[in-house]
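Topology and contacts: notes
Listed below, chain by chain, are the residues.
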Amino acid sequence: SPLAGFMNKKTAESVIENMQMPDGTIWAIPIVLQITDTDNAVVNVGEEIALTTNNDVLIAIMKVEEKFELDIDNYCQKVYKTTDITHPGVKHIKESDNNFIAGEIELINRPEKENIDSKYFIDPVNTRAIFKEKKWNTIVAFQTRNPIHRAHEYLLKCALESVDGLLVHPLVGETKPDDIPADTRMKCYEVLLQRYFNMDKTILSVLPMAMRYAGPREAVHHMIVRKNYGCTHMIIGRDHAGVGDYYGTYEAQELVNSVLGKLDIV
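What you see is a predicted model; the values in this text were computed from it and never measured. (Residues numbered from 1 in each chain as written. Predicted model: local features only at pLDDT ≥ 70, side-chain atom pairs only at ≥ 80, totals over all residues. Heavy atoms only, no water.)

1. Details of the pattern of salt bridges
This structure, assessed with the given rule, holds 10 salt bridges. Between Asp123 and Arg110 there is a salt bridge whose closest N-O contact spans 3.1 Å. In this pair, Asp123 is assigned in the loop between β6 (100–107) and α5 (124–133) and Arg110 in the loop between β6 and α5, connecting sequence segments 13 residues apart. Classification of Arg110 as partly exposed rests on a relative accessible area of 45%. Three or more residues joined by partner-sharing salt bridges are found here, namely Arg145, Lys176, Asp178 and Asp179. (Salt bridge = Lys/Arg side-chain N within 4 Å of Asp/Glu carboxyl O. Helix = DSSP H or I, 4+ residues; strand = E, 2+ residues; numbered from the N terminus. Buried < 20%, exposed > 50% of the residue type's maximum accessible area, 1.4 Å probe, protein only.)

2. Some thoughts on the packing of aromatic side chains
All told, the structure shown has three aromatic pairs when counted by the stated rule. Between Phe131 and Trp136 the ring centres are 5.7 Å apart and the planes differ by 25°, which places this aromatic pair in the stacked class. You can call Phe131 buried: its relative accessible area is 3%. (Phe/Tyr/Trp six-rings, centres within 6.5 Å; stacked < 30°, edge-to-face > 60°.)

3. Points about the packing of helix α8 (residues 216–228) against helix α9 (residues 251–259)
Look at α8 against α9: their axes get within 8 Å of each other, and the N-to-C directions meet at 50°. In this view, α8 runs oblique relative to α9, as classed from their interaxial angle. In the crossing of α8 with α9, the sense of the turn from one axis to the other is right-handed. Between α8 and α9, the residues in contact are Pro216, Arg217, Ala219, Val220 and Met223 and Glu251, Ala252, Leu255, Val256 and Val259, respectively. Residues belonging to the contact of α8 with α9 are distributed by class as follows: eight nonpolar, no polar and two charged. (Axes fitted to C-alpha atoms, helices over the stretch in contact; angles between N-to-C directions. Parallel < 35°, antiparallel > 145°, perpendicular 65-115°, else oblique. Left-handed = near helix turned anticlockwise from the far one by under 90°. Contact = heavy atoms within 4.5 Å. Nonpolar A, V, L, I, M, F, W, Y, C, P; charged D, E, K, R; others polar.)

4. Considering helix α1 (residues 9–18)
Within α1, burial applies to Thr11, Ala12, Ser14, Val15 and Ile16. Taken from the residues just after α1, Met19 is the one with a positive phi, measuring 55°.

5. Examining the layout of surface pockets
Considered as a void within the structure, the second largest pocket measures approximately 510 Å³ in volume. Lining the second largest pocket are 19 residues, with Asn146, His152, Gly237, Arg238 and Asp239 sitting closest to its centre. When residues of the lining of the second largest pocket are traced back to their parent elements, those giving at least two are β7 (139–144) and α6 (150–160). In terms of residue count, β7 provides more of the lining of the second largest pocket than any other element does, three residues in total. Taken together, the residues of the lining of the second largest pocket break down into six nonpolar, nine polar and four charged. (1 Å grid on protein atoms, 1.4 Å probe; cavity = no way out; pocket = protein on both sides within 12 Å on 5 of 7 lines; lining within 4 Å. Points joined across faces, edges and corners; volume = space filled by probe spheres on them.)

6. Remarks on the sheet that holds strand β9 (residues 202–204)
By definition, the strands of a sheet pair up through backbone hydrogen bonds, in either a parallel or an antiparallel sense. Sheet architecture is open: four strands sit in the order β9-β8-β7-β10, paired in parallel fashion. Of all the strands in the sheet, just β9 and β10 (233–235) have a single pairing partner and so form its edges. Recorded for the sheet is a direction-independent mean angle of 25° between the axes of neighbouring strands. Taken together, the three bridges between β7 and β10 define a ladder with parallel strand orientation. Bridging from a neighbouring strand, Phe142 pairs with Ile235 of β10. (Pairing = 2+ DSSP bridges.)

7. Looking at the nonpolar core
Counting residues in hydrophobic clusters, the biggest one holds 43 residues, and the most contacted among them are Met7, Tyr75, Tyr80, Val220 and Leu263. Within the residue set of this core, elements represented by two or more residues are α1, α3 (72–80), α4 (88–94), β6, β7, α8 and α9. Among the elements that take part in this core, α3 stands out by supplying five residues, more than any other. Once residues lying within four places of it in the same chain are set aside, the contact partners of Tyr80 are Tyr75, His87, Gly89, Val90, Ile93, Arg212, Tyr213, Ala214 and Tyr247. Of all hydrophobic cores here, the second largest spans 22 residues; its members include Phe121, Leu156, Leu160 and Met186. (Core = buried A, V, L, I, M, F, W, Y, C linked by side-chain atoms within 4.5 Å.)

8. Thoughts on α9
Buried within α9 we find Glu251, Ala252, Val256 and Val259. Looking straight down α9, one finds that the buried residues subtend no more than 135° of arc, so they occupy a single side. The exposed residues of α9 that point more than 90 degrees off its buried face are Glu254, Asn257 and Ser258. Buried residues along α9 sit against α8. (Arc of directions from axis to C-beta.)

9. Considerations on the pairing of β6
Looking at chain direction, strand β1 (residues 5–6) and β6 are connected through two bridges and run antiparallel. Residue pairing across strands places Gly5 opposite Glu104, the latter belonging to β6. By the bridge criterion, two bridges tie strand β2 (residues 33–34) to β6 in an arrangement that is antiparallel. Opposite Leu33, over in β6, you have Ile101 as the bridge partner. Bridge count for strand β4 (residues 58–63) against β6 is three bridges, and the pairing is antiparallel. Note on β6: the bridge partner recorded for Ile61 is Glu106.

Right, dumping it as structure tokens:
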């Protein structure tokens with residue numbers, strides 16, 4: 001929210017250049033659909049197309065409202081702060097063709113990940129309902145793509161001293177090949193939370209979104225996403241969403257602090 005589909009050129013370029021939508025809404029990473037030259041040749045504006053997984057499972061129907069190109073180097077430099085193709089986020093964009101399509105989508109089958117219990121795929125409307133039922137007014141989110149270590153445990157328990165509840169919200173979408181697989185991480189989270197946390201004040205759910213490794217911009221993006229899930233607070237980690245040495249240790253916190261008053265989450 002407030003998106004109903006993939007961004008058009010005007011919105012994407014506004015996000016890339018100004019970190020906000022044309023109406024002034026803070027937004028850190030363009031949500032765009034990049035397609036191949038082959039697909040671009042047969043996709044026409046005004047048509048409805050099927051969006052499928054690599055295994056041809058139908059996910060959604062999309063009405064194509066616009067086809068466009070972007071300045072890819074500028075996109076990467078502004079969002080990722082580099083055009084280096086060894087950066088995994090930049091590599092994904094630059095190795096794909098410069099074709100984008102925009103339009104609203106109609107969900108048909110919600111994608112889930114194999115080997116992860118479906119009970120953990122909780123939509124924002126449902127997490128908000130759970131928080132309301134539990135009478136939580138303040139909820140802190142914890143983003144992670146790694147197992148929770150002891151420093152994380154300490155940080156989460158300290159956070160729980162000042163809020164009503166905790167949403168442990170690991171990202172289980174596409175990550176780097178050398179990251180620990182999501183199903184393995186989920187087993188770690190389950191054991192840790194059940195044995196060492198107060199489950200009356202803790203919820204484990206998953207975020208089915210790919211990592212961009214965009215550092216500071218992705219930290220803001222993660223906060224916007226968790227606001228949608230109903231959270232009021234979020235923990236921003238050291239080199240949050242970083243990779244290699246592309247970002248400073250506390251650069252994510254600095255960018256987040258600069259836009260805090262416009263995010264409705266702290």
